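# Secondary and tertiary structure notes
Chain by chain, the residues:
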Amino acid sequence: MSNSQKSSSHSPSSISIIRPDDWHLHIRDGAGLKSVIPFTARQCGRAIIMPNLTPPVTTTRRAQTYQQTIFDALGKNSDFQPLMTLYLTDSTPAEEIKTAINSGIISAVKLYPAGATTNSDAGVTDIKKCYQTLEMMQKLGLPLLVHGEVTHQDIDIFDREKSFIDQRLELIVRDFPELKVVFEHITTSDAVDFVIESSSYVAATITAHHLLMNRNDMLVGGIKPHHYCLPVLKRETHREALMKATASGNNKFFMGTDSAPHSKHNKETACGCAGMFTAFAAIELYAEAFDNADALDKLEQFSSLNGPLFYGLAVNSDKITLQREKWTVPESYKFGDDVVIPLRAGQTINWKIVS
Ligand code: DOR
Ligand code: ZN
């Protein structure tokens, strides 16, 4: 990373980094997709596109159609690359993994435990049912992306990630030691420790919102539906552990925004959807988190180098420049025929992309 115009050795007023990638992104479908995809295409070279549509993207064929919709929304002049994923179900055949590899467009398979989050009803009820498919993924080198929360009613929502490690993930990693696994959007010190102690086949994405907020930001002074996401924000000690891992330079941790737009009325309701919309300022929000931790010199590694290394891809060839400049986030952005409330609506962000 090159720092220009340093205001002090630790707080540069601008930074240039290799163009980042978003290794975990929701862009939905239809008119909503058209509204949100330009934000990511402006900052990132690539993004891993989550498959939890209705109906979910369970086949390579459907992923091809979805990718074409994305290309159509981007227009001819864009060189942004949507990296497609398959939604794993109890009955995904091992053959589908061969089809996925042969298509050349599938980068990973997503495991949603059934009922864990938005559009996960068709997810996996018992991972043992998927063992032949996981075997094929291990053999052909296709990564498994994991939403790591158990779903039993009797497990406290704040403990669901830790329970998932103990009850599920340890077994998956033991039974498939050479399967590439990305523990997605980790939120606890337990997950950080698990990833660090696991083999080089295991990595994790971390969102900007889990680096910038703890559960007080959702609950103190009135409930904030726009700060509700899954896995839910945790206590401060966990946020600190995530920030430490993120800023450590360990190449097992990389950027995955989990930007998950929902229309305003689906968030501001008696039973609101989970998800924060951050794609409009993804790298700026990460820059702020790294800056708060006095670790801007590690931003590029996390946002632009570690992800491609894990996925076995080249890093992007151009750079972006961010400037320390406060700007006010709009109260809302268009989202198809509706609006989405962005993170920090009406408030400021300290960094801005200038080129
Ligand atoms: O907050 C979240 N929103 N977490 C998820 O796992 C899913 C996502 C969504 O699709 O809305
Ligand atoms: Zn997600």
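Let me begin by describing the structure that accompanies this report.

Thresholds, definitions, all that
Residues numbered from 1 in each chain as written. Chains lettered and ligands numbered in written order. Predicted model: local features only at pLDDT ≥ 70, side-chain atom pairs only at ≥ 80, totals over all residues. Heavy atoms only, no water. Donors = N, O, S within 2.8 Å, 3.2 Å for Na, K, Ca; no water. Helix = DSSP H or I, 4+ residues; strand = E, 2+ residues; numbered from the N terminus. Buried < 20%, exposed > 50% of the residue type's maximum accessible area, 1.4 Å probe, protein only. Near = heavy atom within 4 Å. Polar contact = N/O pair within 3.5 Å; in protein donor to acceptor, adjacent residues only side chain to side chain. Areas by Shrake-Rupley, 256 points an atom, 1.4 Å probe, with all protein chains shown as cover. Nonpolar A, V, L, I, M, F, W, Y, C, P; charged D, E, K, R; others polar. Contact = heavy atoms within 4.5 Å. Core = buried A, V, L, I, M, F, W, Y, C linked by side-chain atoms within 4.5 Å. Arc of directions from axis to C-beta. Phe/Tyr/Trp six-rings, centres within 6.5 Å; stacked < 30°, edge-to-face > 60°. Lys NZ or Arg CZ within 6 Å of the ring centre and 35° of its normal. Salt bridge = Lys/Arg side-chain N within 4 Å of Asp/Glu carboxyl O. Pairing = 2+ DSSP bridges. Axes fitted to C-alpha atoms, helices over the stretch in contact; angles between N-to-C directions.

## Considering the coordination of the zinc ion (ligand 2)
At the metal site, the zinc ion (ligand 2) is ligated by His24 (NE2), His26 (NE2) and Asp258 (OD), and these contacts range over 2.0 to 2.1 Å. In terms of primary sequence, the donors binding the zinc ion (ligand 2) are separated according to H-x1-H-x231-D. Taken together, the positions of His26 in the loop between strand 3 (22–25) and helix 1 (30–43) and Asp258 in the loop between strand 10 (253–255) and helix 10 (264–267) put the pair 232 residues apart, joining distant regions of the chain. Take His26: its relative accessible area is 7%, and that puts it in the buried class.

## Concerning the site of ligand 1
Looking at ligand 1, there are 14 residues lining it, with Arg28, Asn52, Thr117, Leu230 and His262 nearest. A distance of 3.2 Å is found between an oxygen atom of ligand 1 and a side-chain nitrogen or oxygen belonging to His147. Out of a free accessible area of 290 Å², ligand 1 has 99% covered by protein chains. By residue class, the composition of the shell around ligand 1 is four nonpolar, eight polar and two charged.

## Quick word on helix 11 (residues 282–292)
Burial runs high along helix 11: ten of the eleven residues are buried. Listed as buried for helix 11 are Ala282, Ile283, Glu284, Leu285, Tyr286, Ala287, Glu288, Ala289, Phe290 and Asp291. Two residues or fewer past helix 11, Asp294 is found with a positive phi of approximately 60°.

## Section: the side chain of Thr40
Relative to the assigned elements, Thr40 resides in helix 1. When residues no more than four places from it in sequence are discounted, the contact partners of Thr40 are Leu25, Ala47, Phe80 and Ala279.

## Some points on the nonpolar core
Buried together is how nonpolar side chains tend to be arranged in soluble globular proteins. Core analysis: the biggest nonpolar cluster contains 97 residues, and Leu134 and Leu299 have the highest contact counts within it. With seven residues, helix 11 is the largest single contributor of residues to this core. Those residues in contact with Leu134, other than ones at most four positions away along the chain, are Leu88, Ile127, Leu144, Phe176 and Leu179. With 13 residues, the next largest nonpolar core counts Met50, Ala108, Tyr112 and Val182 among its residues.

## Considering helix 6 (residues 189–197)
Those residues of helix 6 not exposed but buried are Ala191, Val192, Phe194 and Val195. The arc that holds the buried residues of helix 6, viewed along the axis, is 165°, so those residues lie on one side. Among the structural elements, helix 5 (160–175), strand 8 (181–183), strand 9 (202–206), helix 9 (236–246) and strand 10 are those in contact with the buried residues of helix 6.

## Here's the deal with unusual backbone geometry
Residue Pro55 is reached from Thr54 by a cis peptide bond, and omega for that bond is -5°. Locating Pro55 in the fold gives a position in the loop between strand 4 (46–49) and helix 2 (60–74). Pro231 follows Leu230 through a cis peptide bond whose omega is -10°. Mapped onto the secondary structure, Pro231 falls in the loop between helix 8 (216–219) and helix 9. For Asp294, which is not glycine, the phi torsion reads 60° and is therefore positive. The residue Asp294 is located in the loop between helix 11 and helix 12 (299–311) in this model. Classification of Asp294 by relative accessible area gives partly exposed; the value is 44%.

## A closer look at the packing of aromatic side chains
Throughout the structure, instances matching the rule amount to 16 aromatic pairs. Ring-pair connections join several aromatic residues into one group, and the members of that group are Phe39, Phe277, Phe280, Trp327 and Tyr333. We note Lys180 situated over the ring of Phe310; from NZ or CZ to the ring centre the distance is 5.2 Å. Lying over the aromatic face of Phe158, Arg215 brings its terminal NZ or CZ to 4.6 Å of the ring centre.

## Looking at the pattern of salt bridges
Tallied over the full model, the rule gives twelve salt bridges. Between Asp318 and Arg19 there is a salt bridge whose closest N-O contact spans 3.0 Å. Taken together, the positions of Asp318 in the loop between helix 12 and strand 11 (319–328) and Arg19 in the loop between strand 2 (12–18) and strand 3 put the pair 299 residues apart, joining distant regions of the chain. Take Asp318: its relative accessible area is 34%, and that puts it in the partly exposed class.

## A closer look at the sheet that holds strand 9
Reading across from one edge, 3-4-5-6-7-8-9-10 is the order of the eight strands in this open sheet, with parallel pairing throughout. Since the sheet does not close on itself, it has two edges, and those belong to strand 3 and strand 10, each with one partner. If you compare each strand with its neighbour and ignore which way they point, the axes differ by 30° on average. Both strand 6 (residues 106–111) and strand 7 (residues 144–146) contribute to a ladder of three bridges, which runs parallel.

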